[in-house]
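# Descriptive analysis of the structure
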Amino acid sequence: MQKIITIAKKEATDSLGDKLFLVLLIFLLMLVVISIVVASMDFQNKVVEYNQSVKILESLGGGADSIYAPQFFPLKMLRSVVDYLEILGAVIGIILGYLSISKEKGKNTLQLLLSRPVKRWEIGLGKILGNSFVIWLVLGIAMFFIYGIMGFLGGAQLTGMEIMKLILVFIFSYLYIMFFFGLTSILAIKFKLLFNALLISFVVWLVIVLIIPQIGDTMDPDNQIPGGFFKAMNIAKSQEKQIMGNFKNYEFVRNATEESSITKHYERLSFALLGVKDEYNGKTIFAILNDKWWDGLWVFLFFLAPLFTELLIFEKNNLLINKE
Amino acid sequence: MKLLTVKTIAGGEFKTLVRQKTFVLLLTIFLFMAAFSAFIGWSTKNTVTKIYVATVRELISSGTKKMPVNPFLSAPPLSILKNMPTYVFLIGSLLAIIIGYSSFVRERKAGVIKIIFSRQISRVEFLLGKITGIFLVLSAIVGLSFVLSFFSVVIISGQMLVFSEMFKLLMFYLVSFLYLIIFAMLGLFFAIFAKSESLALLAPMIIWIFISFVMPQLTSALDPNSLLNPTSIQSIMPQSVFFTSTRFLLEPFSVSENYKTISQSFLQGDIKEYPIFSLIVYLFFTMSIPFLVIKKFNVCEVEIE
Amino acid sequence: MSKSSAIIDIQSLTKKYKETIALNNLNLQVERGEIFGFLGHNGAGKTTTVNILTTLLAPTSGRAFICGFNVEKEGLEIRKRIGYLPENVKFYENLTAGENLEFFAKLSGIEKPEEKIKSVLNFLDFQKFENKKISQFSKGMRQRIGIAQAIIHDPEVLFLDEPTSGLDPMGVRNLREIILKLNKEKNITIFMNTHLLSEVAKTCTTIGVLGHGELIYKDTLKQTMERFKDENSLETIYFNLDTK
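Quick notes on the rules
Residues numbered from 1 in each chain as written. Chains lettered and ligands numbered in written order. Predicted model: local features only at pLDDT ≥ 70, side-chain atom pairs only at ≥ 80, totals over all residues. Heavy atoms only, no water. Helix = DSSP H or I, 4+ residues; strand = E, 2+ residues; numbered from the N terminus. Polar contact = N/O pair within 3.5 Å; in protein donor to acceptor, adjacent residues only side chain to side chain. Patch = residues over 30% accessible without salt bridge, like charges linked within 9 Å, V, L, I, M, F, W, Y side chains within 5 Å. Areas by Shrake-Rupley, 256 points an atom, 1.4 Å probe, with all protein chains shown as cover. Salt bridge = Lys/Arg side-chain N within 4 Å of Asp/Glu carboxyl O. Buried < 20%, exposed > 50% of the residue type's maximum accessible area, 1.4 Å probe, protein only. Contact = heavy atoms within 4.5 Å. Buried area = accessible area lost by both parts, 1.4 Å probe. Axes fitted to C-alpha atoms, helices over the stretch in contact; angles between N-to-C directions. Left-handed = near helix turned anticlockwise from the far one by under 90°. Nonpolar A, V, L, I, M, F, W, Y, C, P; charged D, E, K, R; others polar. Pairing = 2+ DSSP bridges. Phe/Tyr/Trp six-rings, centres within 6.5 Å; stacked < 30°, edge-to-face > 60°. Lys NZ or Arg CZ within 6 Å of the ring centre and 35° of its normal.

### Focus: the environment of Ser-102 of chain B
Residue and element names in this part refer to chain B. The residue Ser-102 is located in helix α3 (residues 84–110) in this model. For the pair Ser-102 and Phe-89, spaced 13 residues apart in sequence, the C-alpha separation works out to 20 Å. Of the polar contacts made by the side chain of Ser-102, one reaches the backbone oxygen of Ile-99; its length is 3.3 Å.

Right, dumping it as structure tokens:
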């Protein structure tokens, strides 16, 4: 155990001292702050609009019962935070995974590590734990920023339930980021040229994080016109469902495309927990998880697979086979 | 300056890049992108038209008299390619970084750089040759993608493109070419400048992230998913003093946003803005920085892993 | 368990990579207290042998024992008892010499390595560089840190892979002195891959020659010099052996 901690500690200090990592962290925090500011301004605009409408209605002599006051759900403002964790969080995972292997490979220090009385999987586990700590630190700082800004901007106090939901989102964010960490580590171990490993990781990142969700998004018939196709057609929700019922195959392909990406699963679950879609607002964590357990399971499996493989690769005897 | 040496380097560069597996891979990816965007455009258009017909039927049966128009009816034929700018902006630029990067790192790694620089060639000539080679490769890739796009549009729409549409498609690929050059030059710059191989790749990546995601967030305040969806570019952005001012100050320099706007103007024909300023500034900047660092490049410190 | 008393006991060891045979039925014993010089041309299989003996690589067939432990089954026990300095190690450049040593010492199970680091650096006459970053070190200095990490846990056997490559004459001489001192004062058995014949003649007690994955010669240095006394140097002996 002592040895695992030694490796984990070194791993964490190495990563925290890396400039590229720090730049990415700053980017991420910057985007988190901006996106929350945007969301809160957006909400304040809605409040102003509402108050104006109420005034107009009252001046006309009518009551304000016919329009709804915009409801404030502070967690909803975190929608873009999830978006940025999807994109930049994954890149952070890639960079950490890459660094954790590249620092040993080019310098032949892997031989030194392996010739110590340490079990091979302990080295792998040490690396995973060290970087998990770093990722939790990143998420912790992000959480701190979020909490601070929300209090500062709107004086929004999060309820216990909301804090629990937020923590759950962050746990899944950790699982999500670690998927990319594990994937890149494996590739970096397996590939003769580190550069190719990094390249493939970024290609996978592009495809999973950006392209697949983008395809799903652009194929959505409702997204063909700014503001929504069905809205432009003046169609009610019930009618829309009925019409779309005739296009099951198309919708199936679209959905299957999205299902193949861990990002989409992570996004669906997080959005539900944050109540980005109003139907989930006010629901308990249990009810949401009951509805979205499928997505949670996928994120968890995506998380486990590469890390488990990494430990297995470390344990097997072929780490150096590329050398000759 | 000897034109012959520049030509030798450029020719060598073109040859090695084309012979490498990387080139075949990049070309395949590009052609796939072009074909794929045409396919998505076609299948979406097809389905939405059917949905439109179904909707109209529904509206008639419920007694509505005023029928909305099919949104695809007025769309220009090139609009089925509307995903292509997103792919160039995401995948293409990343690939361009790699082309620029590998063109110099290869020499550094093989240690050939010492041999080259000990010949009768100035460093500027060497760099000019490299850049020419990169231009050739990128234009080959973009050229072939243009041909493929052209034929897919003709086949899908079932009619020959009129001259003005063909010109627009050509202009779109020209702008894309310039956009790619920017990133290839960034890759080249860091390959010369950075001390280690991984930094040479990761540094331009970080800039790529900044240009592609951070800047647009500052200027448009759109959430990142909308940034990638070609239709939502025109959607309404939140109004506030902060963002009106950041937009005013930064938008002329947000080259990724400007590239998308120009592309949409050519392909979808509904924005009609050509903010070419940032593209020129970035081109000028990224093409000159390799020349600034090549002179200071320390040949004795080339050993990189 | 190994039958012989040898501290390194290799029995019909074979290693195949996809198409090439790196080691072909290698048999070799090294006794406790020896300084064994393992000679052979580039690609003869020397590094592969060391990688198998240090449990980094699994053999395709055959067995090998270090201190009586099987390299395939008792890796952990072996790794407690050996030190290894691979060729061209660059270490963690963001750490100081002391921090590098601390890290490796802890992985060898030394819980409070400070004293150990002091005494090892003292032994190598290198105390003043403890707090310098590795990135500022010359090749010769790195090699000393390499030795330091390999002996910090008092191993019984020390494996050195081409330890003199890239060193200047002064560095080579310093390293030779260290090797002899380690063998004499700490009684460490040393297994050294090399192709520097002059060094072998000055340091080793026994030599073995590997050619295309097979052991073609092994004897003590003394016997070798006597047997081939007509040849005027070890170099001629080596060339005669290797071209056979």
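### Brief notes about a nonpolar patch on the surface
Residues and elements named next belong to chain A. A surface patch of nonpolar side chains, about 420 Å² in accessible area, is lined by Trp-293, Trp-294, Leu-297 and Leu-301. Residue position: Leu-297 is located in helix α12 (residues 285–315). Look at Leu-297 and you get partly exposed, because its relative accessible area is 39%.

### Observations concerning the interface of chain B and chain A
With 58 residues of chain B at the interface, the matching set in chain A holds 54 residues. Both faces considered, chain B and chain A share a buried interface measuring about 4900 Å² in area, 78% of it formed by carbon and sulfur atoms. Summed over the three residues of chain B that lose the most area to chain A, namely Ile-51, Leu-202 and Ile-206 of chain B, the buried surface amounts to 12% of that side. For the pair chain B and chain A, the number of links is zero salt bridges. Put simply, chain B and chain A have two residue pairs in polar contact (both at pLDDT 80 or more) between them. Mapped by element, the contributors of at least two residues to the side of chain B that touches chain A are α2 (21–61), α3, α7 (197–220) and α8 (224–228) of chain B. Counting residues per element, the side of chain B that touches chain A draws most heavily on α7 of chain B, which supplies 15 residues.

### Looking at the packing of helix α3 (residues 79–105) of chain A against helix α6 (residues 160–190) of chain A
All names here are of chain A. Between α3 and α6, whose axes approach to 7 Å, the crossing angle comes to 35 degrees. The handedness of the crossing between α3 and α6 comes out as right-handed. Its residues placed into classes, the contact of α3 with α6 shows 14 nonpolar, seven polar and two charged.

### Section: the sheet that holds strand β9 (residues 206–211) of chain C
Pairing between the strands of a sheet comes from backbone hydrogen bonds, and it takes one of two forms, parallel or antiparallel. Residues and elements named next belong to chain C. Spatially, six strands are ordered β6-β7-β8-β3-β9-β10 in an open sheet, and the strand pairing comes out mixed. In the strand order of this sheet, the two ends are held by β6 (82–85) and β10 (214–220), each with one partner. For this sheet, the mean angle separating the axes of adjacent strands, direction not counted, is 15 degrees. The pairing of strand β3 (residues 35–40) with strand β8 (residues 189–193) spans four bridges and is parallel. Bridging across to β8, Gly-37 finds its partner in Met-192. Across the sheet, helix α1 (residues 46–53) lies against β3, β6, β7 (157–161), β8 and β9, angled at about 145 degrees from β8, the strand it touches most. Strands β3, β7 and β8 of the sheet are contacted by helix α6 (residues 169–185), whose axis makes an angle of about 150 degrees with β8.

### A look at the pattern of salt bridges
Residue and element names in this part refer to chain A. As enumerated under the stated definition, the model contains 23 salt bridges over all chains in all. A salt bridge links Lys-10 to Asp-14; its shortest N-O distance comes to 2.8 Å. Here Asp-14 and Lys-10 lie together in helix α1 (residues 2–16), a separation of four residues that amounts to about one turn. With respect to class, Lys-10 is no different from Asp-14; both count as buried. For the salt bridge of Arg-254 with Glu-251, the shortest nitrogen-to-oxygen distance reads 3.3 Å. Taken as a pair, Arg-254 and Glu-251 lie in helix α10 (residues 248–259) at a separation of three residues, close to a single helical turn. Note on Arg-254: relative accessible area 13%, which makes it buried. Residue Glu-251 is classed as partly exposed on the basis of its relative accessible area, which comes to 23%. Here the salt bridges do not stand alone but share partners, grouping Glu-251, Arg-254, Glu-258, Glu-259, Lys-264, Glu-267 and Arg-268 into one network.

### Some details on the packing of aromatic side chains
Applying the stated criterion across every chain yields a total of 39 aromatic pairs over all chains. Ring plane angle 25 degrees and centroid distance 5.3 Å describe the contact between Trp-136 of chain A and Tyr-174 of chain A, whose orientation is recorded as stacked. One end of the pair, Trp-136 of chain A, is in helix α5 (residues 120–154); the other, Tyr-174 of chain A, is in helix α6, and 38 residues separate them in sequence. Each ring, one from Phe-103 of chain C and one from Phe-104 of chain C, has its centre 5.3 Å from the other, and the planes form 65 degrees; the classification is edge-to-face. As far as the burial class goes, Phe-103 of chain C and Phe-104 of chain C line up, both buried. Joined through ring pairs, the aromatic side chains of Tyr-176, Phe-179, Phe-180, Tyr-266, Trp-293, Trp-294, Trp-298 and Phe-302 of chain A make up one cluster. Taking NZ or CZ as reference, Lys-10 of chain A lies 3.2 Å from the ring centre of Tyr-92 of chain C, over its face. The ring of Phe-123 of chain C has Lys-181 of chain C lying over it, and the distance from NZ or CZ to the ring centre is 4.3 Å.

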